[in-house]
Structure formats: C-alpha cells, structure tokens
Amino acid sequence: MSNSAAGDLARMCHGIAVRLPRMPEMEEVRANLARAAGQVPALKSLRVWAEPVAFPAGDARSARRRATELRRAPAPEGPGLRAVFLEYADGPAELVIVAHRAVLTRDGLRGLAGVLTGSGGPAGEPPTPAGPPAPAQDAGARTPAWGLGDPARAGRHSAVALGPVRASGEELVRAASLVLSRYTGGEDDAVGVLRDDDAEAERACVGVVLSERRAGEEYEPCAAPYFPLTLWAERQEDGTLRGECRFDEDAVAPEIASRFARQVARAAERLAAGLPGAVEPDAEEIAELLAVGAGAPLAGHAPTTIHAAFEKVAAARPGAVAYTGEDATLDYAELDRRAERRARALRGLGAGPGELVGVCLERGADLVVTLLAVLKSGAAYLPMDVRHPRERLRATVEDAGARIVVAEDFPPAEGRTLVRPADLDAAPEAGHADGPQASPDDPAYVIFTSGSTGRPKGVVIPHRNVPALLAAVADDMRLGPEDVWTWFHSAAFDFSVWEIWGCLLTGGRLVMTPYWVSRAPHEFHRLLAEQRVTVLSQTPSAFAQLIHADAGTSADLAVRLVILGGEPLDVRILKEWFADHPPARCRVVNMFGITETTVHVTAQTVTAREMVERSRSVGGALPGWTVSVRDPEGRPVPFGAAGEIYVGGAGVALGYLNRPELTAERFVDDPYGGGRLYRSGDRGRLRPDGRLDHLGRLDNQVQLRGFRIELDEVRAALVEDPAVRAAAVVLNEEGDPRLDAYVVPAGPGPAVPAEIRGRLGRILPDYMIPGTITVLDDLPLTVNGKVDTARLPAPSAGAALVEEEPAPARGEGPAAAMLEIWRRAFGAPVSLDDDFFELGGNSLLAIRISAAMREAGLPQITLRDFYLNPTIRGLEAAMTTR
Amino acid sequence: MRLSGKTALITGAARGLGRACALRFAEEGADLALFDLGGDIDEVPYPLGGADQLEHTAELCRKLGAAVVTATGDIRSQESVARAVEAATDRFGRIDVLVNNAGIVAPSGKDLHEVDEREWAVMLDVNLTGAWRMTKAVVPGMLPRRSGSIINVASTAGLVGYRRFAGYVASKHGLIGLTRAAALDYAPLKIRVNAICPGSVRDDPLVDGRMLVEIARALDVPVQEHEGTFAQGQPANELVEPDDIAAAALWLAGDDSRRVTGAVITVDGGYTVR
Ligand SMILES: NC(=O)c1ccc[n+]([C@@H]2O[C@H](COP(=O)([O-])OP(=O)(O)OC[C@H]3O[C@@H](n4cnc5c(N)ncnc54)[C@H](O)[C@@H]3O)[C@@H](O)[C@H]2O)c1
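Going by an unreviewed UniProt entry, chain B carries the name NAD(P)-dependent dehydrogenase (Short-subunit alcohol dehydrogenase family) and comes from Thermocatellispora tengchongensis. Under the heading Sequence similarities (unreviewed entry), UniProt records this for chain B: "Belongs to the short-chain dehydrogenases/reductases (SDR) family."

Per an unreviewed UniProt entry, chain A is named Amino acid adenylation domain-containing protein, and its organism is Thermocatellispora tengchongensis.

Below you can see the structure in the form of structure tokens.
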C-alpha cells in the first residue's frame, strides 16, 4: 500500500455520531452485540470502546474530539469498522461509528447504532457488514491543472465553508459541472457524485458528496476529501444545502478552492431560479480578476514623445557618452545634433507626422542617429534588417507604403525615395525644413512581425508607449546614467526598442554589438567584460549560449541586470549562471512581452527559488499595463484556469498598418471596461497573486493520429531531462506524421537519445513521445535570437536514436581533422577549398564547428576568422600564421 | 496544536518522564496509547509503575482532551508488546509516534564483577531489547504510510561512563547504537529514529518521579540531600526538569523535526560536554 493508498483508506470511510441521553451500560451493549453477532457473524470481530470525555457535550473541545473520532479511519487490517461510546462530563453520551463504505452503508451505520444501543435500527434488524475492503486501488485520481496546489503539502487536506445554498443536490452537481467547464475550457466537465449509500464513486478531480441530514445524528461522509476537490453538501431542515469544500492541498490551493466553492454555490442558485447562463462569471468575480491582473497605476507620468524625452536627457547631460561602437563614440549632445540635422533633411524630403520612413542600415551610429532623426522629423520609422532577403525588404516597404527609405543598399522600388545617411548629412541647409511635430499619440515606429501564419504585419506603436514603458520599470530596475546597455538585437526586432530607447531615455551608454559578435557567445562575453556592461537584454536561447561561454572564462562581468524576453524561459538554464552570479549582485528578470504591446508586459524576478520550483511565472503586469486570461468568447476565466492572454493598458499598439480587419480581430474593446485590449494568442493562467504563468502559444497544439498534443508540453518534458539543456519539438507531416525532437546536451556527458526516450516514456503518454530525437550542439536561432524551427536540420534518420560520436582528433594535422569535422557538420564530404558559405554554412554551423575544433584540441578560431577565410585551407593558414 | 491528528504510543507512561511526555503530547492534540508494567520486577529493588499510576496518567491526559487507551504488560514479553500495539491500532487505526521510554536504573551500585547473570540480563532486556521489541512491533504499521517518528529515551549513561552502573551504562550505549542503526534502516522509508539523553532529572512529585532517588540509593548518597548533591555535579548547578525532556520529545514527534533522524539529543544542562 502506498502513501496515497493509506490516504485512500480515510477517503473511503464514513461515520455517524448518534446522540444518547446518557451512557448505556457496557454490559448491555456487549450483550446486544453478541445477540446480533449470532445473526451476523461479521459483527463478532467488532470491538466497542467506551471512553469518558472531560468536557460537557456542548464544549468546543468535545466537538473537536467528536470530529477527530469521525475522521479516524479504522485499522487497515481488521473489520474496517469501529464503534466508540463517548461519555460527556455533563451526562449525555454519543456513539461514534466509523466504517469503510464497502463495509457498511449509511443505513448500515444507523442500523448498527440501533443494535448497540438496543433501540433497534430503522430497518429493525442488524446490518450486514460486507467483508473487509480490499486495499484501495488508486484508480488515477488526477491533479487538476488549474488547482495550483503545493506538491510539498502532499497528504494534507483543508476545508472552506460551502453554503447555505438554496438549490437541490442535482442542481449543485450540474452547477459544479458548469463551473468546472469554465476551468477546463470545456475539455472536462465530469463531476463525480457520491451519495450516502454509495460504496464508491467514479474518480474525478472534482466531485460532489451529497448527504441527507437526519435528526439526532451527525454524519461524516468521508474521513478525507473523497475527490481532490470535494464539495460536500448536506440538506438542512430549511431545504438549503450546507457543507464544506474540502480539498487535498497538494492538488488545490486554498484560494482556488474557496472561489470554486463560491462559484458553484452561486451557479446552483441561478439554476434553481431557472436562470440560464450559469457559466457567466458574475460582476464581482470579473472585477476581482481584472483588478488582480492589472499592474499598479502609472503615477505621475505624463504622455510624451520619444524624442522629447531624449532631448530632456541630452540637455541635462550633454557631455555624457550616449553611444559606443567600433565605428564611433557619440556623446548625448553630438547624437542630438546629428539627428536634428538629419531630421531637417528628412523633412525636406517630405517626412513628417503621418509619414513612414524605412530604415535599413547595418547596426551602428548611423542607424541610431537615423532612427532618432526620423522621430524628430515627425515621421515614424520602419526598421528593416539588412540581412533579410531583398524580396522581403521590397515587400515590406511596399506593404507599409513608406515613401522614403534610408539605406546604403536597397532594392530599387518605384515611387520610393532612397537616400543614404551621407546624403542626408550632405543636404544643403536650404533643403532643410521645419515642420509640425509629432504628438505623443502619433506613431513612432512600425515593426513587421511574421507570426506563425499569414503574411507579416506591421505593428504601429505610438510615441507615448515607449516613455510609459520606461516610467513603468525605471524605478524598480534603478535604470540611470551609470548604466551601460548592450544593443544586441536587430532594429527590426522590438527587443532593440527596449535596448536603444531604454538606454537613451535613462541617460545610459549604449554599446553597439556588431552582428557577428552577437552570434559568437565567447566574443560577446569579451565585449561585455571590456565595456563593463551593466544591463543585458537577451532571449533565453541566446542567454543559454552566453552562460555556456561565461562558465568557461574567468573574465569578470559588471552585469547587474539581465532582462530575458522574446521567448519562454526554462528557468533551469539559469543554474550555472546563478552559481557564478548570485541574484544579490545580478538580478535576472524574465519578461513576457509582445510587439503589439510595446516590448514588455510583465516582469518576474527570477531567483534560485523560481529555478527550483521550475516556475513558469512571467510575473505580474507592469505598472500601467494589464493582463487578463480569457475564454474564446472573451470572458475572463477563473484564477488557475488556462486561457488566452489579453493585454491592455499603456502598451497597446495603435493596430496593424493598413490591416483594418486584422486589427479589429486582434485589438478589441473590453466589454468589461478594461479599455482597448490585445488578444495575444498566447496561453496563460493568472494566479490569485496577480502573477501570470505563460503556457506557450495557443496555436502550438497539434493533432497527431487523433491526439491533441501541446508541443510545449513535450518540449518541457525534454528539458526536464537531466541530460538535456535545450530542446525543440516539431510536427513532421511528411509521410507518416510524427514528432521530431532536437536536443542540446546538458553537460560534457553524452546525451543518448535512446535513454532520453526511455525517461520520457515515464512522464509522457506514448502518443506524445517523439519519433526521432536528434542531438545538436545548439539550436538554430532566428535573426532575433529565438529558436528557428524552420532551420532545424532533417532528423538524423535511422541514426535518430544513436548518439553522435565525438570528433576524432587524429594526429594528421589540423586540415585532416577539420575535413572530418566539416564533413560531419554538413553531413557530406567536403574538400579543402570548399567555401563554407557556399556549402550552406551559417553562423550557427560555424559556432558548432569551432566548438568541435576546440574539443579536438585544435587552435581557436573565431567567427570573424570564418568570415575572412571561409575555406579549410584558408582557416588552416590563418591558424598557423597566428 | 502541534500533534493534532497524531497518535503516540508511550512506554513506561505510568509515571516519571513517560507521564511528562504523555501530558505534553496531550496538550498538543495527540491521542495516546499508554503502556506500562502494572507490577514489579523481582530483580529491580524499587517499585515500578503500577496500573493505578498508569490510569492516573490516562486520566490527566483525558482532562486535556486526548483520547487514551492503556495497556499493561512487560516490555520483556513479545506477547505483551504485540497486545499493546494491537490495542493502539484497533482504537486509533495507526501509530504515528513511538516513545521507547520504559527503563530501569537498578540493580546497580556494584562493580561489574559483582553483577550476576540475572541482574545483567534483566537490565539489557528492559532497557535495550525492550526498545527493539517495541520498535519491531510498531514499524510494520508505519511502513505503508511512509511516515513515523520513533523516540528512544536513552541517558547521558549512553554517552559517558558512570562508576558502579556497568549494566545501565552498557544498555543505554546499546540503545544509542540501536537508534543510529534503525535510523539508517528506515531513513528511505521516512520513518525517523532519534534518541534523547536526559541528564539528572529532578524527581517531580507531579509525575511521581523517583529515578534520582533510586540512583542515590544505589550510590549510598544520603536521600535527604540527594538533589543538592546531584545538582552540585552539574555545570549549571541545577537539575533537569521532566518538562525539558517532554519538550525535546515533542519536537522530535512533530513535523518541525521532519529532517532529523539518527540524532542523539542531550538534555543534560551541559553535563556531558565538561
Ligand atoms: N530520571 C532521570 O534522571 C533519568 C535520566 C536519564 C535517563 N532516564 C531514562 O528515562 C526513562 C524514564 O525514566 P523515569 O525517570 O521516568 O523512571 P521511572 O522509573 O519513574 O519510570 C520508568 C517507567 O518504566 C516502566 N518500566 C520499567 N520496566 C518496564 C518493563 N519491563 N515493562 C514495562 N514498563 C516498564 C516502569 O514501570 C516505570 O513506570 C528511563 O529509560 C530512564 O533510564 C531517566
């Protein structure tokens, strides 16, 4: 019998306490029992206890004693039955009988009481106890996903009051089912029902225990909660139901249980009154859900434009360095002056409020100056990544209707003015123009996001959102002139909005990270150390690689704040980081955000505690922002229940550029008074303390052989594996559909797919086990640093479950070893003069190759070496001349 | 209440430290199965716990609100032990805490070559083997629940020597050995086994204490001044109180000590660290 089976015993037991005017003579009781045992042999083994209680019957201590007796399961071995007479100090007595439900029904309990007290049961004859129960089999009582229970409290239970409810038992059951379906999104509304004479009930997460109140006896329907969440209701003389909501604390949190009970009570009364729509949350519940999901108000912050906020900082500290890069160093005054000049030139070309200026420049001083210039001109900027395919760049500009594009090199397009930064700087003063200023409500930038389906769409963010974002976090994060920020991300990814304006609106120094450095964790680490960077923004995938690099060096970092965003975080990756960078010295904040709501929405400071708990919390809404979790009809779902995350408040975008229908679909007015909301398409659940758990994308559910599978769930299970550091899972629909998994080994030890698969088998049902598991050195990342599922290699066929062998380090010179490493990296033989990039090499492959070379004991090569010498012969020469 | 919902079986509960523990546990909401000899042992030169004393302990505990069952028997008898455990399980369904407290301090007061076979055997049979017997009977009921706390009341005589007490010292050293071994046996099953080593405890009339006076007799210390004499031997110049032992037992019985097993806890006013 396991621990839970021992708990099951109490679950399966019920009991009654029958009030007696005085203690009967025990001899009489025994004689009564002996007589009955003549007819019912099973009663022979019943032992009757008689005990004095030191307090009057009405005393609270007597009540506690009675309750303890009623909830004390009989011995596991034995008749499954116990009878105790309690004699109270003031004369009256009580007979408490507890039995396994399979041994005696409630009528049986009453009958036995009659037998023992000689008063005859209602049935008039002794009850017939069934044989002792077989040890209970745990038929899979499930832990509700929405329960938010605390696993550390396994084996404990607790209760909150239920009722009085003016409804029938049947209505209570129906109400429980309706309420449950709000928690499960309609997936599950099966509610167990246990009545007084039932030996057992269907196992379910939620169940109703219905009891009849009978005069002169107290009834305890189960010595421990029968269902993980048990609504026990007893019909009272006045016709109402009254009872308790009892729950296992490891399955359900008290905050959830009490609300669940209240909702059921209310729904039952509505049903009783003949009202439909019992699934509608009531005004009070909605008010609470919305209030808890809202961040603090943004006090004392007046809407402003990005450039006005910048100019204020620049005026206060003109000589402070604003920008550091390989190309230039600019102080605030110089940056302001250059941008001002360019802004006037842009105005001369027609830029101004309502206009959109495309910007497609390599990251550098020119790019920051240009972005600021566009804002100063009154127009909004449309950032584009120079590394995007030319076709996409052209389409973006056309889609957006940008008439001016600032670029060094851009595909020609009809009706567009293409201008280079130098042209703007060289424009004669005469060509400059003053013009109307942008207001805080005017667009500041338009960022195109691709999303998982459909063509990319431009998200239009007004000026005021960005200063509001800084106002929301600046105090808490203590952002200020002492800070040094990296500019790591592409301007076309809104994480850079945070990096650039977060730094420049708080007076910090922005350190430009060249593209190739952003792809080379070791180089990037060196940059962080050299530049004494204090504020670092990363996607979790990129940060995982940086942590790896960090563990291998002794270089000391000055980073005091790490902002993680852009992707779900597996807190586990932080273990190594925390070991070297305790949270007291470097704070790690996980932020959930979306382009449509201005970079960030929530913030969760991650410490060892979150790591140990494997928390999926992304924290509460930022001041000025709101979150709510809703069902497909837009109704807020209860705390704990999963639904779609809606975001409102200071960060909501103006909409999608030239896409009124899509805008109307995704940006909605809250019928509950929360203003304009963005429907994120992300799954989440709101906790009663206002923190949001992020549960992945709504559209990450796939259908495989009739099963609904949450890809994030499979990925989460993989990442739980001690041998796995990172993982990706995709649905492969070529041929026989299956799941393909990709894993990055956690440590120097091998990650053996067959073993990983074996361990997965213990956590996941068969249909969720990936068909292939491929070991990779790293997951491919998008330009934005997120896992790029499109660039995952084909699964290593057949060998999918076989481990890759370490690179051979034969003593035949570096070239021979490199040929082998390249061959394995590309999956095909290569020659000494094959060009890395022509072979299809990318930065990720380069990192993998240089890692393999390091492991094989070959000299170090950097990503830069790859770009300069893309052949094995060239690299070897570079290595030997060094 | 720190022990509400728990059931404890306490041996040697008729008086002394056993009674002190029972009262403290009852105050904290435990229900109790109390076990004692209800008679005397020929070789032991002083009266042991009587049935009336055991009933009195039970009465005091009931006044505190506890449900109590009592059982009399000799811990040297396998059958008595089994009967006591059965009575407790019948009544309460389970035993969460076992306090192996029953013990004797004499026959003593002799150098070991003067101790005879019977005297030696009875000392070990009660103080050491008795605890083993009771543990063996109780553990099977704890196993399926993966929880339980076993508390062995040893003595400073389990840690240091005392002249003219070879049998007692050997039995209490043995009990500490038993504690450590059992702690390892049951650690994976989450059953904890710990020992308490009381120093010289004042004979409190409220619990009918008489151990110290019997030690004094064995050592020919004048009975009128024995408390002062023993107190002078203590670093703090004072004796331990029965409540001090009960407090340690309460902590070991409850969930506050859930990660404590195999511990040997001295409650001796510093006697053994001089
Ligand atoms: N009192 C002290 O100063 C002191 C110091 C150190 C250790 N101890 C230990 O504490 C425990 C309790 O001591 P106390 O001071 O309460 O002594 P005590 O003599 O007052 O109580 C011991 C109880 O154990 C019972 N007992 C003895 N042999 C038994 C047997 N064979 N079967 C069943 N019951 C039996 C006795 O009847 C008695 O009621 C003992 O193990 C003792 O060795 C006491």
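**Q** Teacher, can you tell me more about the site of the ligand here?
**A** All names here are of chain B. Around the ligand there are 28 residues in total, and L17, D36, G49, D74 and Y168 lie nearest to it. One of the backbone N or O atoms of L17 is found 2.7 Å from an oxygen atom in the ligand. K172 places a polar side-chain atom, nitrogen or oxygen, 2.9 Å from an oxygen atom of the ligand. Calculation on the ligand without its partners gives an accessible area of 820 Å², and the protein chains cover 98% of this total. Considering only residue class, the shell around the ligand consists of 15 nonpolar, 9 polar and 4 charged.

**Q** Whenever I open this one, the sheet that holds strand β36 (residues 772–775) of chain A confuses me. Can you help?
**A** Strand pairs in the sheet, formed through backbone hydrogen bonds, run parallel or antiparallel to each other. Residue and element names in this part refer to chain A. Strand order across the open sheet formed by 3 strands is β34-β35-β36, with mixed pairing between neighbours. Across the chains shown, the open sheet's two edge strands, defined by having one partner strand only, are β34 (724–732) and β36. Pairwise comparison of adjacent strand axes, ignoring direction, gives a mean angle of 20° for this sheet. Direction of pairing for β34 relative to strand β35 (residues 738–745): antiparallel, over a ladder of 8 bridges. The residue bridging N732 from the neighbouring strand is R738, located in β35. On top of the sheet, helix α21 (residues 711–720) reaches β34 and β35; it is set at about 150° to β34, its chief contact.

**Q** So what exactly am I meant to see when it comes to the nonpolar core here?
**A** Nonpolar side chains in soluble globular proteins generally cluster together in the buried interior. Counting residues in each nonpolar core, the largest one holds 127 residues, and the members touching the most others are A:L231, A:F260, A:W498, A:W501 and A:L504. Setting aside its immediate chain neighbours within four residues, A:W498 contacts A:L469, A:L470, A:V473, A:M477, A:L479, A:W485, A:C503, A:S537, A:I563, A:V599 and A:H600. The next biggest cluster of nonpolar side chains, apart from the first, holds 63 residues, and it includes B:V105, B:M123, B:V139 and B:V221.

**Q** What is the right way to look at unusual backbone geometry in this model?
**A** Among all residues except glycine, the phi angle is most often negative; among peptide bonds, the trans geometry is most common. Residue A:P164 is bonded to the preceding A:G163 through a cis peptide linkage, with omega at 10°. Turning to its location among the elements, A:P164 is positioned in strand β5 (residues 157–165). Cis geometry marks the peptide bond from B:A106 to B:P107; its omega dihedral reads 15°. Mapping B:P107 onto the fold places it in the loop between β4 (97–100) and α4 (117–142). Unusually for a residue other than glycine, B:R164 sits at a positive phi of about 65°. Here B:R164 shows up in the loop between β5 (148–153) and α5 (166–186). Of the residues examined, B:R164 reaches a relative accessible area of 36% and is grouped as partly exposed.

**Q** What exactly am I supposed to notice about the side chain of A:T772 here?
**A** Mapped onto the fold, A:T772 is located in strand β36. Side chain to side chain, A:T772 and A:D740 meet in a polar contact 2.6 Å long.

**Q** Would you mind showing me how to read the interface of chain B and chain A here?
**A** How big an interface is tends to be reported as the loss of accessible area on association of its parts. At the interface, 21 residues of chain B touch 22 residues of chain A. A per-residue breakdown of the area chain B buries against chain A is headed by B:D90, B:R91 and B:P144, which together make up 34% of the total. Residue B:R91 is joined to A:E51 by a salt bridge in which the shortest nitrogen-to-oxygen separation is 2.6 Å. Applying the counting rule to chain B against chain A returns 5 residue pairs in polar contact (both at pLDDT 80 or more).

**Q** Would you mind going over the sheet that holds β4(B) with me for this structure?
**A** Residues and elements named next belong to chain B. Pairing in this open sheet of 7 strands is parallel, and the strands run β3-β2-β1-β4-β5-β6-β7 from one edge to the other. The two strands at the open ends of the sheet, each matched to only one other strand, are β3 (68–72) and β7 (264–267). On average, each strand axis in the sheet is tilted by 15° relative to the strand beside it, whichever way the strands run. Judged from the 3 bridges that link them, strand β1 (residues 7–11) and β4 form a sheet pairing that is parallel. Bridging from a neighbouring strand, I10 pairs with V99 of β4. Contacting β1, β2 (31–36), β4, β5 and β6 (191–198), helix α1 (residues 16–27) runs over the sheet at an angle of about 170° to β1.

How each quantity is defined
Residues numbered from 1 in each chain as written. Chains lettered and ligands numbered in written order. Predicted model: local features only at pLDDT ≥ 70, side-chain atom pairs only at ≥ 80, totals over all residues. Heavy atoms only, no water. UniProt positions renumbered as here; feature names shortened; annotations may be inferred. Near = heavy atom within 4 Å. Polar contact = N/O pair within 3.5 Å; in protein donor to acceptor, adjacent residues only side chain to side chain. Areas by Shrake-Rupley, 256 points an atom, 1.4 Å probe, with all protein chains shown as cover. Nonpolar A, V, L, I, M, F, W, Y, C, P; charged D, E, K, R; others polar. Pairing = 2+ DSSP bridges. Helix = DSSP H or I, 4+ residues; strand = E, 2+ residues; numbered from the N terminus. Axes fitted to C-alpha atoms, helices over the stretch in contact; angles between N-to-C directions. Contact = heavy atoms within 4.5 Å. Core = buried A, V, L, I, M, F, W, Y, C linked by side-chain atoms within 4.5 Å. Buried < 20%, exposed > 50% of the residue type's maximum accessible area, 1.4 Å probe, protein only. Buried area = accessible area lost by both parts, 1.4 Å probe. Salt bridge = Lys/Arg side-chain N within 4 Å of Asp/Glu carboxyl O.

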